[in-house]
Amino acid sequence: MTASLPEYYFRVRDNGAFVFRVESENRQRRLEMDQIAVVKLRNGEIKPHGDRSLSDADLSAIRAWMADRQALLATREIDDIRRTIDHLNHTAQWAQSRADDDQLDAISDDLLLAMHDLRSVLIRKKADRLQRAAKSEAKQDSKQASKPEKG
């Protein structure tokens, strides 16, 4: 069992984790987990637990975990959005084919407001991206125009 244990254990919590060093090499052959740090993903903060100082190896392992965790959370977030799209499609099919008037009355206003809010945000964000792209393209065109021609 000892050979397969990681050196560190990360107890995930909102916005980060508690970091433990896993120790199994003791007289009683018991598994011990010694808390060494607290990690906050939002701001990248790593706080040693108590009066500890973290080694370079500790910091390296923690930073690697933070990068992996942030990538995992980003993947999950996109997956959740794709599931939401599926739910919207299922909801449309339900409303079209199976919902009765009382059911539609119960959800229509809330769903319409949520969809209107989402649509407004998506349109505003897309317009912002298009404006930035147009400004960037105009900047590139002006740079190209100001270069002297070789010939």
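As a convention, each chain's residues are numbered from 1 in the sequence order in which they are written. Note on the predicted model: pLDDT of at least 70 is required for a residue's local features to be given, and 80 or more for side-chain atom pairs to be given and counted; whole-chain, interface and lining totals, by contrast, use all residues. Think of the side-chain values as coming from all heavy atoms in the structure, minus any hydrogens and water.

Student: Looking at this model, I keep getting lost on the packing of helix H1 (residues 56-97) against helix H2 (residues 101-146). Mind explaining?
Tutor: Packed helices, taken two at a time, are described by the angle their axes make and the gap between the axes. At their nearest, the axes of H1 and H2 sit 12 Å apart, and the two run at 145 degrees to each other. Note that H1 runs across H2; the crossing there is left-handed. Contact with H1, carried on its side by Leu-88, Thr-91, Trp-94 and Ala-95, involves Gln-103, Leu-104, Ile-107, Leu-111 and Met-115 of H2 and no other residues of that element. For this scheme, ten residues count as nonpolar: Ala, Val, Leu, Ile, Met, Phe, Trp, Tyr, Cys and Pro. Four count as charged, namely Asp, Glu, Lys and Arg, and the remainder, Gly too, count as polar. Within the contact of H1 with H2, the residues separate by chemical class into 7 nonpolar, 2 polar and no charged. Orientation is described by lines fitted to C-alpha atoms, with helices fitted over the stretch in contact, and by angles between N-to-C directions that extend from 0 to 180 degrees. Each helix is a run of DSSP H or I of at least 4 residues and each strand a run of E of at least 2, with the numbering of both proceeding from the N terminus. Throughout, a crossing is termed right-handed when the near helix is turned clockwise from the far one, and left-handed when it is turned anticlockwise from it by less than a right angle. For this analysis, residues touch if any pair of their heavy atoms sits within 4.5 Å.

Student: It is not clear to me how the pattern of salt bridges should be interpreted in this structure. Could you clarify?
Tutor: Side chains bearing opposite charge may pair, as long as their charged atoms lie close to each other. Between Lys or Arg on one side and Asp or Glu on the other, a salt bridge is scored when a side-chain nitrogen of the former is within 4 Å of a carboxyl oxygen of the latter. For the structure on display, the rule yields 4 salt bridges. In this structure, the salt-bridge partner of Asp-58 is Arg-21, at a minimum N-O distance of 2.6 Å. Pair noted here: Asp-58 is in helix H1 and Arg-21 is in strand E2 (residues 16-23), with a separation of 37 residues, a long-range link. Two residues, Asp-34 and Arg-52, come together in a salt bridge whose shortest N-O distance is 2.5 Å. You can see Asp-34 sitting in strand E3 (residues 32-40) and its partner Arg-52 sitting in the loop between strand E4 (45-48) and H1, a full 18 residues away along the chain. Judged by relative accessible area, which is 30%, Arg-52 ranks as partly exposed. Three labels apply to residues, based on accessible area from a 1.4 Å probe with only protein chains included: buried if under 20% of the type maximum, exposed if over 50%, partly exposed otherwise in between.

Student: Can you help me understand a nonpolar patch on the surface in this one?
Tutor: A surface patch of nonpolar side chains, about 450 Å² in accessible area, is lined by Leu-88, Leu-112, Met-115, Leu-118 and Leu-122. A total of 4 residues in the nonpolar patch trace back to one element, the largest contributor, which is H2. Turning to its location among the elements, Leu-88 is positioned in helix H1. Taking relative accessible area as the criterion, Leu-88 reaches 34% and is therefore assigned partly exposed. Nonpolar side chains (Val, Leu, Ile, Met, Phe, Trp, Tyr) are joined into patches within 5 Å and like charges within 9 Å, using only residues with over 30% relative accessible area and no salt bridge. The accessible surface values rely on the Shrake-Rupley method and a 1.4 Å probe; as for residues, cover is taken only from the protein chains in view.

Student: Sorry, what's going on with a negative patch on the surface here?
Tutor: Taken together, the side chains of Asp-100, Asp-101, Asp-102, Asp-105, Asp-109 and Asp-110 define an acidic patch exposed on the protein surface. Given the relative accessible area of 39%, Asp-100 is considered partly exposed. We treat Lys and Arg as the positive residues and Asp and Glu as the negative residues; His and chain ends play no part in the count. Taken as the charge centre is NZ of Lys, CZ of Arg, CG of Asp or CD of Glu, depending on the residue.

Student: Please clarify how unusual backbone geometry should be interpreted in this entry.
Tutor: Backbone geometry at Asn-15 places phi at a positive 65 degrees, although glycine is not the residue there. Take Asn-15: it is sitting in the loop between strand E1 (8-13) and E2.

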